[in-house]
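# Geometric and topological summary
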Amino acid sequence: MTEPLALVFYEKLLPGTQLVNRLQDLKYRVQTVSDADLLVERAQESGPMVVLADLVSAKDNVCNAIARLKQNSQTRHLPVIAFAPENEVALQKSAQSAGATLVASETVILPHLPQFLEQVLQVD
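Residues numbered from 1 in each chain as written. Predicted model: local features only at pLDDT ≥ 70, side-chain atom pairs only at ≥ 80, totals over all residues. Heavy atoms only, no water.

### A few points about the nonpolar core
What counts is decided by this rule: Each nonpolar core is a collection of buried residues, namely Ala, Val, Leu, Ile, Met, Phe, Trp, Tyr and Cys, held together in the definition by side-chain atoms within 4.5 Å. Think of it in three bands: residues with accessible area under 20% of the maximum for their type are buried, residues over 50% are exposed, and the middle band is partly exposed, with areas taken using a 1.4 Å probe on protein chains only. Numbered from the N terminus, helices here are DSSP runs of H or I no shorter than four residues, and strands are runs of E no shorter than two. The contact definition used throughout considers only heavy atoms, calling two residues in contact when any of these lie within 4.5 Å.
The biggest cluster of nonpolar side chains holds 24 residues, and the ones touching the most others in it are Leu39, Leu55 and Ile66. Looking at this core, the elements that each hand over two or more residues are β1 (5-9), α2 (39-46), β3 (50-54), α3 (62-71), β4 (80-84) and α4 (89-98). Here this core gets six residues from one element, more than from any other, and that element is α3. Excluding residues that lie within four positions of it along the chain, Leu39 makes contacts with Leu7, Phe9, Val33, Val51, Ala65 and Leu69.

Spelled out as structure tokens, the structure:
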């Protein structure tokens, strides 16, 4: 059976690389994106099962990218797990408004990743 694909956007090495390693430990194939503006295009090309996005970006465009994912007919079904430092409350709220399926703080994303994945991938 093919391992599921996770599409991960991050600019900062930590926690980005830790997240990639944790996903691989959980038997996910991982494709990374370093420019949020390319998120929709990469999601259409690669067909991931889930998208994970670090909300902190030099361009401050991640919430817009999440909104474009959710507005696109080919990618709107994808669950999006977004994360940011605990003190970035406004950014976390913006991600929820943009359509992120789950928003978590940077400190809990790694230890709770299996539960978060299970939660967002549940089929009703």
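### As for the environment of Met49
Here Met49 is to be found in the loop between α2 and β3. Among the residues examined, Met49 registers a relative accessible area of 40% and is labelled partly exposed. Sequence separation between Met49 and Leu5 is 44 residues; the distance between their C-alpha atoms is 5.6 Å. In this structure Met49 touches Pro4, Leu5, Leu78, Pro79 and Leu121, once residues within four positions along its chain are discounted.

### Things to note about the side chain of Asp54
Under the convention used in this document: Counting of polar contacts relies on pairs of N or O atoms within 3.5 Å, with two restrictions inside protein: one atom must be capable of donating a hydrogen and the other of accepting it, and residues adjacent in sequence are counted only when both atoms are side-chain atoms.
You can see Asp54 is positioned in strand β3. The buried category is assigned to Asp54, whose relative accessible area is 0%. One polar contact links the side chain of Asp54 to the main-chain amide nitrogen of Val56, over a distance of 3.1 Å. Not counting residues within four places of it along the chain, the set of residues in contact with Asp54 comprises Phe9, Tyr10, Lys12, Pro15, Val62, Phe83 and Glu106.

### Considerations on the pairing of β3
Put simply, the test is: Any two strands between which DSSP finds at least two bridges are classified as paired.
Most of β3 is tucked away: five of the five residues are buried. Side chains Val50, Leu52 and Asp54 of β3 all project onto a buried face; the interleaved residues Val51 and Ala53 project onto the opposite face, where all are buried too. With four bridges joining them, β1 and β3 adopt parallel strand pairing. When the sheet's bridge partners are listed, Ala6 is paired in β3 with Val50. Summarising the sheet, β3 and β4 pair through four bridges and their orientation is parallel. From the neighbouring strand, Asp54 faces β4, where its bridge partner is Phe83.

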